Structures are given as structure tokens and as C-alpha cells.
Amino acid sequence: MEALFYFFAFIAIFSALMVISMKNPLTSALYLVLCFFALAGFYVLLYMQFIAVMQILVYAGAIMVLVVLVIMLLNISKLDSVKTDFHQKIIGIVIAVVLFAEIVIYTVGGKTRKPTGEITHKLINKIGNTQVIGKFLFTKYTLSFEIASILLFVAIIGAYLFAKKKL
Amino acid sequence: MNNYLIVAGIIFCIGALGVLMRKNLIIVFMSLELMFNAANLGFVAVSNRLNLISGDIFVIFVMVVAAAEAAVALGIIVAFYREKGTIDMDKANELKN
């Protein structure tokens with residue numbers, strides 16, 4: 001379990017670094033797919049197989065196909081001249097390091113709460129992952145579910161409007 | 001759980017670095033996706049540790065929002081490219097001056 005965790009962590013962090021350091025957007029997109037697969041491995045380690053499958057289907061499948069399609073549409077050979085200037089790099093690194101220091105301080109230094117809920121991973125494994133999520137999605141979180149469907153509808157209209165010939 | 005949160009923090013910071021550092025709009029968009037995913041990992045780790053299910057439900061809604069955001073953002077990128085002929089972020093300066 002521990003070995004698997006470090007394996008996935010290495011893959012995730014390495015491919016995330018590759019995403020932001022590659023020159024070619026297509027290479028970045030492929031490394032991002034690798035990162036999503038590593039994160040799906042994390043979800044399996046955390047006993048959430050349903051979310052792992054959704055991660056691969058929605059992120060690595062749908063969204064990344066969309067990104068690669070757009071890269072193809074935009075005639076990639078012209079994009080190589082897009083570079084970073086030095087000041088931007090320095091500011092970015094400083095902000096990222098400060099952000100990371102804050103996260104580490106609050107994660108390591110904070111108190112760990114006792115488990116409060118009753119839904120342990122043993123219970124989830126006994127009932128079934130999809131069943132538990134479906135039960136909560138359609139009882140306690142029904143309103144959010146409906147609002148999510150409206151959001152998707154609005155996104156369809158928005159994407160259509162932006163992709164039209166005349167803005 | 002701490003290990004998972006640290007990994008999520010590292011990925012989030014890499015994503016933030018990409019947003020701040022790169023000028024290519026598509027790579028900035030992919031860095032945003034990285035940050036979404038880091039937040040998702042944090043949600044799942046915490047809700048696993050505290051025996052809750054709400055974090056996992058929230059991850060599904062984050063995925064819905066990310067899918068909607070992807071569709072709209074890529075539409076904007078295509079429109080931007082059609083207008084300017086490039087996807088350099090610094091060329092988006094109509095509101096300057």
C-alpha cells in the first residue's frame with residue numbers, strides 16, 4: 001500500500017511538472033493524461049473506485065479529448081514562439097513556494113480531527129461504492145444535482161455562442 | 001491522510017506555478033485542470049479520513065463544473081485565436097489603457 005502510494009505520488013508530481021515545463025502543448029496534454037491516471041490510482045487507494053472510474057472517463061477521456069482537438073484546430077506549428085519572460089518566472093516561483101509553505105504548515109502543524117461520520121470504507125465496500133454515492137446524490141443532494149444539470153445546459157449555450165463565427 | 005494532502009498541495013502549487021508562469025493559453029488552461037484535480041484529491045482524502053461521504057459527492061460536482069468550464073474556456077480560446085491569430089495571453093490587452 002505504502003509502495004503504491006509513493007509510486008503514484010512520484011508519477012503524479014513528475015507528470016505535473018512536465019505539464020508546465022513542456023514547450024509543445026500536445027506533449028503537455030499527454031503528460032496531463034498520465035497525471036490523471038495517477039490520481040485515479042490515488043482514489044482507488046482511498047477506497048473510492050467510482051470516483052477513480054469517473055476521473056478516467058470524464059477527465060482523461062472527455063476533457064482531454066476536447067483539449068487535444070482544440071490544439072489540433074489551432075495549427076500548432078505557429079505556437080512555438082510563445083515564451084516566458086524572466087520577471088514572470090521569478091514572481092510565479094515565489095508565489096508558488098509561499099503557497100506550498102502555507103499548505104505544509106497547516107497540514108503538518110494542524111490538529112487531526114477524530115472521525116465524525118459513520119460511513120467507513122468497510123461499510124462502503126460492503127454496500128457498494130456506486131450504490132452509496134447514488135443514494136446520497138439522489139436524497140440529500142438532489143437540489144445540487146438539479147442545479148448541476150442547469151449549469152451544464154448553460155455551458156452548452158455558452159460554448160456555442162463563443163464558437164460562433166461572429167462574436 | 002497527511003501524505004495525501006501534501007501530494008495534493010504539491011500538485012496544486014505546480015498548477016498555480018503554471019498559471020502564473022506560462023503564456024500559452026492552452027497550457028494555462030491545463031494548469032487550471034491540475035489545480036482542480038489537486039483539490040479533488042484533498043476532498044477525497046479528508047472524507048476518507050473522517051468517514052464522511054460529502055467530500056466524495058463534492059468531487060462529482062467539481063467534475064461537473066470542470067467539464068462545463070472546459071467547454072466554455074476552449075470556446076473562448078478558439079474565439080481568441082480567430083480574433084488575434086495567436087494564443088499568447090499578453091495579446092489580450094483590449095481593456096488596457
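Residues numbered from 1 in each chain as written. Chains lettered and ligands numbered in written order. Predicted model: local features only at pLDDT ≥ 70, side-chain atom pairs only at ≥ 80, totals over all residues. Heavy atoms only, no water.

## Quick look at the overall build of chain B
- For chain B, the helix and strand inventory stands at three helices and zero strands.
- Mapped in sequence order, the helices and strands of chain B form the string α-α-α.
- For chain B, the C-alpha radius of gyration of 16 Å lies well beyond 13 Å, the compact-globule estimate for 97 residues.
- Each of the three principal axes of chain B carries a C-alpha extent, and together these read 50 × 25 × 20 Å.
- Residue burial in chain B is summarised as follows: out of 97 residues, 62% are buried.
- Once local pairs closer than 6 in sequence are excluded, the contacts in chain B between residues at least 24 apart make up 53%.
- On chain B, roughly 3600 Å² of surface is accessible, and the fraction owed to carbon and sulfur atoms is 66%. (Helix = DSSP H or I, 4+ residues; strand = E, 2+ residues; numbered from the N terminus. Rg over C-alpha atoms; globule rule 2.2 N^0.38 Å. Buried < 20%, exposed > 50% of the residue type's maximum accessible area, 1.4 Å probe, protein only. Contact = heavy atoms within 4.5 Å. Areas by Shrake-Rupley, 256 points an atom, 1.4 Å probe, with all protein chains shown as cover.)

## With respect to a nonpolar patch on the surface
Residue and element names in this part refer to chain A.
- Nonpolar side chains collect at one region of the surface, where Phe153, Ile156, Ile157, Tyr160 and Leu161 lie side by side and expose about 550 Å² of accessible area between them.
- Here Ile156 shows up in helix α7 (residues 142–163).
- Classification of Ile156 as exposed rests on a relative accessible area of 58%. (Patch = residues over 30% accessible without salt bridge, like charges linked within 9 Å, V, L, I, M, F, W, Y side chains within 5 Å. Salt bridge = Lys/Arg side-chain N within 4 Å of Asp/Glu carboxyl O.)

## A word on the packing of helix α2 (residues 25–45) of chain A against helix α2 (residues 25–49) of chain B
- With their axes 11 Å apart at the nearest point, α2(A) and α2(B) run at an angle of 5 degrees to one another. Classified by the interaxial angle, the pair formed by α2(A) and α2(B) is roughly parallel. Contacts between α2(A) and α2(B) involve Pro25(A), Ser28(A), Ala29(A), Leu32(A), Cys35(A), Phe36(A), Leu39(A), Phe42(A) and Tyr43(A) from the former and Ile26(B), Ile27(B), Met30(B), Glu33(B), Leu34(B), Asn37(B), Asn40(B), Leu41(B) and Val44(B) from the latter.
- Counted by class, the contact of α2(A) with α2(B) contains 14 nonpolar, three polar and one charged residues. (Axes fitted to C-alpha atoms, helices over the stretch in contact; angles between N-to-C directions. Parallel < 35°, antiparallel > 145°, perpendicular 65-115°, else oblique. Nonpolar A, V, L, I, M, F, W, Y, C, P; charged D, E, K, R; others polar.)

## Examining the environment of Cys13(B)
- Relative to the helices and strands, Cys13(B) resides in helix α1 (residues 2–21).
- Cys13(B) sits in the buried class, given a relative accessible area of 6%.
- With 26 residues separating them along the chain, Cys13(B) and Ala39(B) place their C-alpha atoms 11 Å apart.
- With residues up to four places along the chain from it excluded, the contact list for Cys13(B) reads Ala96(A), Leu99(A), Phe100(A) and Ile103(A).

## Focus on the packing of helix α4 (residues 86–109) of chain A against α1(B)
- Viewed as axis vectors pointing N to C, α4(A) and α1(B) meet at an angle of 160 degrees, and their least axial separation amounts to 9 Å. On the basis of the axis angle, α4(A) is roughly antiparallel to α1(B). Considering how the two elements wind past one another, α4(A) and α1(B) form a crossing that is right-handed. Across the interface between the two elements, Gln88(A), Lys89(A), Gly92(A), Ile93(A), Ile95(A), Ala96(A), Leu99(A), Phe100(A), Ile103(A), Val104(A), Thr107(A) and Val108(A) from α4(A) touch Asn2(B), Leu5(B), Ile6(B), Gly9(B), Ile10(B), Phe12(B), Cys13(B), Ala16(B), Leu17(B), Leu20(B) and Met21(B) from α1(B).
- Considered class by class, the residues forming the contact of α4(A) with α1(B) number 17 nonpolar, five polar and one charged. (Left-handed = near helix turned anticlockwise from the far one by under 90°.)

## Here we look at the domain arrangement of chain A
All names here are of chain A.
- Structurally, chain A comprises domain 1 (1–76) and domain 2 (118–167).
- Computed from C-alpha atoms alone, the centre-to-centre distance between domain 1 and domain 2 is 21 Å.
- Taken together, both faces of the contact between domain 1 and domain 2 bury some 540 Å²; the carbon and sulfur share is 69%.
- Three residues stand out in domain 1 for area buried against domain 2, namely Tyr47, Met48 and Phe50, and they jointly supply 86% of the buried area on that side.
- The tally of links between domain 1 and domain 2 comes to zero salt bridges.
- Where domain 1 touches domain 2, the interface holds two residue pairs in polar contact (both at pLDDT 80 or more). (Domains from an automatic or database assignment. Buried area = accessible area lost by both parts, 1.4 Å probe. Polar contact = N/O pair within 3.5 Å; in protein donor to acceptor, adjacent residues only side chain to side chain.)

## Quick word on the interface of chain B and chain A
- Contact with chain B, which involves 65 residues of that partner, is made by 84 residues of chain A.
- For the pair chain B and chain A, the summed buried surface comes to about 6800 Å²; carbon and sulfur atoms form 78% of the total.
- The interface formed by chain B and chain A holds zero salt bridges in total.
- In this assembly, chain B and chain A are joined by six residue pairs in polar contact (both at pLDDT 80 or more).
- Looking at which element gives the most residues to the side of chain B that touches chain A, the answer is helix α3 (residues 54–84) of chain B, with 24 residues.
- Along the lines of polarity and charge, the residues of the side of chain B that touches chain A split into 46 nonpolar, 12 polar and seven charged.

## Section: helix α3 (residues 49–73) of chain A
- In this model α3(A) runs 34 Å from its N-terminal to its C-terminal C-alpha over 25 residues, within 8% of the 36 Å that 1.5 Å per residue would give.
- The axis of α3(A) is deflected most strongly, by about 30 degrees, at Met64(A).
- Among the residues making up α3(A), those that are buried are Ile51(A), Ala52(A), Gln55(A), Val58(A), Tyr59(A), Ala60(A), Ile63(A), Met64(A), Val67(A), Val70(A) and Ile71(A).
- Those residues of α3(A) that are buried lie in contact with α2 and α6 (129–139) of chain A together with α2 and α3 of chain B.
- Just downstream of α3(A), Asn75(A) is the residue with a positive phi angle, here 60 degrees. (Expected span 1.5 Å × (residues − 1). Bend = angle between axes of the 7 residues up to and from the residue.)

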